[in-house]
Structure formats: C-alpha cells, structure tokens
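Chain by chain, the residues run as shown.
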Amino acid sequence: MRFKKVTSVAAASALALGLAACGSESGSGSNNAQGGGGDNYVLARGVEPQNPLVPGNTNENGGGRIVDNIYSGLVYYDGEGKAHNELAESIELEGDKTYRVTLKDAKWSDGSPVTAEDFVKAWNYTVENALLGSYFFEPILGYEEGKPEMEGLKVVDDKTFTIELNQPEADFASRLGYSAYFPMHPSAYDDIDAYGESPISNGPYKLAEWNHNQDALIVPNEEYQGEREAQNDGVNFVFYAQQDAAYADLLAGNLDVLDEIPDSAFATFEDELGDRAVNQPSAVFQSFTIPERLEHFSGEEGKLRRAALSRAIDRQQITDTIFQGTRTPATDFTSPVIPGHSDSLEGAEVLQYDPEEAKRLWAEADAISPFTGEFSISYNADGGHQAWADAVANSIRNTLGIEAVGNAYPDFKSLRDDVTNRTINGAFRTGWQADYPSLGNFLGPLYATGAGSNDGDYSNAKFDQLLKDAANSGDIESATPIYNQAQEILLTDLPAIPLWYSNVTGGSSENVDNVTFSWKSQPVYYEVTKK
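Scope of this entry: the structure provided in the associated data block.

Conventions and cut-offs
- Numbering of residues begins from 1 in every chain and follows the order in which that chain's sequence is written.
- Local features in this predicted model are restricted to residues whose pLDDT is 70 or higher, and side-chain atom pairs enter the listing and the counts only when it is 80 or higher, whereas totals over whole chains, interfaces and linings include all residues.
- As a rule here, side-chain values cover all heavy atoms of the structure and leave hydrogens and water aside.
- Here a strand is any run of E in DSSP of at least two residues, a helix any run of H or I of at least four, and the numbering for each starts at the N terminus.
- We call two residues in contact when some of their heavy atoms are within 4.5 Å.
- The buried label applies to any residue whose accessible area, calculated with a 1.4 Å probe on protein chains only, is under 20% of its type's maximum; exposed applies above 50%, and partly exposed to all values in between.
- The directions considered for the arc run from the helix axis to the C-beta atoms.
- Polar contact is the term for a pair of N or O atoms within 3.5 Å; when the atoms are in protein, one must be able to donate a hydrogen and the other to accept it, and sequence-neighboring residues count only if both atoms are side-chain atoms.
- For helices, the axis comes from a line fit to the C-alpha atoms of the stretch in contact; other axes are also lines fit to C-alpha atoms, and the angle between any two N-to-C directions lies between 0 and 180 degrees.
- Working rule for angles: under 35 degrees goes down as roughly parallel, over 145 as roughly antiparallel, 65 to 115 as roughly perpendicular, anything else as oblique.
- Working rule for handedness: look at the near helix, and if it is turned counterclockwise from the far one by less than a right angle, call the crossing left-handed; if clockwise, right-handed.
- Each residue gets one label: Ala, Val, Leu, Ile, Met, Phe, Trp, Tyr, Cys and Pro are nonpolar, Asp, Glu, Lys and Arg are charged, and the others, such as Gly, are polar.
- One bridge is not enough; two strands pair if DSSP finds at least two bridges between them.
- A clockwise course of the path from the first strand over the helix to the second, judged with the strands pointing away from the viewer, identifies a crossover as right-handed.
- Each Phe, Tyr or Trp ring, with Trp reduced to its six-membered ring, pairs with another whose centre is within 6.5 Å; inter-plane angles below 30 degrees give stacked pairs, above 60 give edge-to-face pairs, and intermediate values give tilted ones.

A word on the side chain of Thr-289. Inspection of the secondary structure puts Thr-289 in strand E13 (residues 277-289). In this structure, Thr-289 is in contact with Gly-426, Ala-427, Phe-428, Thr-430, Gly-456, Pro-495 and Ala-496, ignoring residues within four places of it in sequence.

Time to look at helix H12 (residues 461-471). Residues of H12 that are buried: Phe-463, Asp-464, Leu-466, Leu-467, Ala-470 and Ala-471. Looking down the long axis of H12, one finds its buried residues gathered within 160 degrees of arc, a one-sided arrangement. In H12, the exposed positions that point more than 90 degrees away from the buried face belong to Ala-461 and Lys-462. Those residues of H12 that are buried lie in contact with helix H11 (439-447) and helix H13 (476-493). The opening residue of H12 is Asn-460, an N-cap whose side-chain oxygen sits 2.9 Å from the backbone nitrogen of Lys-462.

Here the focus is the packing of H11 against H13. Where H11 contacts H13, the two axes come as close as 10 Å, and the packing angle between them is 40 degrees. Compared by their axis directions, H11 and H13 come out oblique. Considering only the axes of H11 and H13, their crossing is left-handed. Residues Leu-439, Gly-440, Leu-443 and Tyr-447 of H11 form the contact with H13, whose participating residues are Thr-480, Tyr-483, Asn-484, Gln-487 and Leu-490. The class makeup of the residues in the contact of H11 with H13 is five nonpolar, four polar and no charged.

Of the strand pairs in this sheet, strand E15 (residues 374-380) and strand E16 (residues 403-409) are connected by seven bridges, and their pairing is parallel. For Ser-378, the partnering residue across the bridge sits in E16 and is Asn-407. In this view, the connection linking E15 to its parallel neighbour E16 by way of helix H9 (residues 386-400) has right-handed handedness.

This part covers the packing of aromatic side chains. Each aromatic ring pair is characterised by the separation of its centres together with the angle its planes make. Applying the stated criterion across every chain yields a total of 25 aromatic pairs. For the ring pair Trp-123 and Tyr-181, a centre distance of 5.3 Å and an interplane angle of 75 degrees mean the geometry is edge-to-face. Taken as a pair, Trp-123 in helix H2 (residues 116-128) and Tyr-181 in the loop between strand E8 (160-164) and helix H3 (192-197) lie far apart in primary sequence, 58 residues in all. Given the relative accessible area of 0%, Trp-123 is considered buried. Look at Tyr-181 and you get buried, because its relative accessible area is 0%.

All quantities given are derived from atomic positions and should not be read as evidence of function.
Structure follows, in structure tokens:
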C-alpha cells in the first residue's frame, strides 16, 4: 500500500488461531441478561475466551470477536475488507518511518474522552508486561519486552500522538486496526484482570454480562458515534459443547447466527438452509504444529520426520471425503484470498501426498535415531475436529506404519492453555485467521523468533531477516516476493504442517436479516437485525 500525506489506512479485526472451537456448556441464550431489550438480542455461536478481555492479551477468536465489538481502534475493516478510519481523523506519514495520528472526538462508555494517552499507555503496557500481542509493537523505536516505554511513541496533545519506527515498514499502517493496537480506559491499570472481566468500552457495544462457560452478552454503547453503529439490541454469544448442538439450535430457530457448520452437516446444510447458508472463501489457514522441543523433531532428524509426515497425508482425499468442498489443500502458509498468494513456491511439493517418499524420509530419520512410541495430534473436541484429526492420523499410520492417533481435549480453552504453557506433549492443531490482508500477517506472528503466536518455538535467523527485508521494502508489491522467499524456508523447515484453507461455512435463522460474513469469516454482528 502506498500512502499520500493523509490517508485512510488498512486495519483489521480479531486475531485467532484458526477457527476456534466452542466453549463448554451449550444453551439457547440468556435473554434475561442485563443491558438491553432482550427480544431483539441476536443469538450467535461464541467461544469461551481464554483470558480476560484485555486487547493486548487476546490472540484467539473466542475473546477476539468480543474485543473487536466492544473496542474501537484507529481504523477498521468493513465486511468486504475495505479500510475506514474509525477513531483516527487522519494518519499522516511524515518522512519514511514516522506516523502522526490525529484523533476524532470520541468517548468511553462511562462518558470520559478517548485520548492519545489512552493509546500510548495501552501499547506500552502490552510491551512492558510481555502480553500476547507485544510482538506487534516490535517495529516501533525502542521496543523491548519488559521496557516501560518505547521512545517511538510520543503524546503531542490529547488528540495527537506520533509513532516512529525503527525502519520503514511496508505494511505497518495496515496493522493498526488489529486488537493489540486498541486503547484502554485509564482505570484498566488499577487491576488489569478485574478490568478484563468487566471492561469499559469505546466500541459499538459494551459488555453487559459474561457467564463463564455459558454465554456473554454485549449491548449497544450509547456513547459510540462511529460508523459501526449497532442495528440490534445486542448480541448474546452462546457457548456450545458441540457444533452439532449449535447447528440443531440454528435449524430449530433457537440460534440466529452460526459461523461453523459441523462436518456432519457439510453434505446437507446448503439444502437445509437455502439462501441462509454461507459457503465462501476466507482468510483462514489450517495446520498442525510439532514443537521444536519434542524428542525426534529437532535438527536434521526433525526436518526429515516433518517432511515425511507431510508427505504421508492425503490432503485431497481428506478434504473431498470429510469437508465436501469446504476446504482446499494448502500450497503454502497463507491464504488464496490474500494478495500475493502463490501456489507454485519452490519446495511446495512437500505438501503433496507421496507414500513412497514419506517412507524413505522416515527411514532416513530412523537411521539417525529410531522412533518409538506414539505420534499424537491434539485437538479440541468441541470444535468439530475429530473427523479430520483421525483421518490425518490414519493416513500417517497407514503410510509410515507408526502408531498415530488423534488426542481430544474437552474444549478449546484447555487445549490453548497447555499450548501456551508449553505443557502439551505431541503435535497440536493450529492455524491462522487473518488480522489484516498481508502475507506477512500469516508469517511473522506465527514463525518469527519469539513471536506471540509462535507456539512451536521455531527460530530461523534467515527467515527472520527476510521478514525484516520485506517490511523494509517500501510497499506491499515489493514485499510480496520477499515474503514468498521466506515461505520457501518454511517449506524446508516445516515448523507447522500446512493442511488446507478453510471456507467460511455458516448460516442464519429465519429470525434475522442482514447477515453477512466478512472477508475473514466472522459475521458482521453490528449489521444483523432481528425480525
């Protein structure tokens, strides 16, 4: 993207690690919750957030879909991915690496003004406390985890602040709508965990109620004056133990919006829902990750085993049989809907099913150190992942002759807690739902050394340097071939095993209108109206 003196810049909404699973208990909504006229609540499938609702510490879509609706950033994307300024009156590029941000008049839900200090303090807090979103501030001058303040952030006055980078960044401005860049209310720092349970909002909605492992209700924020004005009395996110239960509620009219169809209904949902069904490409990539720390999966032996496992997976058969046209076998680590995507990268043949090559590579690894025991792929049972996890494990077992199994966790949060705490033993499902439309968004957060979502603790100095070179290339067009060169390193190292790209498959009930799904697969909640 090229910038003029004053520009609306690209932004993003919630981060997620792939399409997240449901939370714990199912239900059909809590229409008696506080905060609005319950008859007009939109009942939507949700996911129990992993953490309190602190923007800089939310990197999964359970919390992300709530955070994106109760907060506003400098910019946002509409459902088609078009950029709009939200709290930013202007974002001016001064020189080649300094941005001057001027804010519109805006208020928090308690009536106090949103100020430049609210942004700068929140960003510094995220870095100082090494929150999950701290990686996104690495380009800013003075970034260092644990450091109280970054020199590159300067408050000019209540409505103005500047952002100085270490070097020019081709897509930095396109990141500024991601939730890590949201502001926080000045009261947040008194007790951050308590604030995350009941945050003060500056977005189109505010949190009215959060019943853990059951549901969360957001209602319109009367102080919000932006373009995303709520067209309903609120959204009640209902947490389901199983996707089949959510789909049954959708068919029965007890759920209004569902953004993940269970695999058991792939063959029938479009007929059953008619024009209320959705099946469209989205910016979602699915994989499984094998931590570097696992025995047999580091060094040269690890490279051989990762390649063997990738070659042992019949992606086409799995996507045809289980997903029935709602997934496409992966050819890289990004998504076909992202500008610059390539299906012909050097080394991409490692993603093609080749049983004989898989056996040869595994035997070569065994010559270094014989593999014993079980190879497991962990997944959350509440997310509709059992069928594909078992199918991938069967493909590996039948090809390599090893004991490969799917390992079910009861819910998404428990899986993510073990992944985050590095207590998981074995491989685990991963993926990415884009924050902003850039190849770099699929690469840096997941595979750069020390990045917040680098769950396998991958590190490659040459890859890291290519990310920096791409960011410093001047514009997105120039950055694209460098990002793809970095991907070719990933195809050799395979820090994650790419599986497929996901369509958004979802639908709505007869009780609602104006249901659209965004470029990154989530419903545009504020547009939904109840009949």
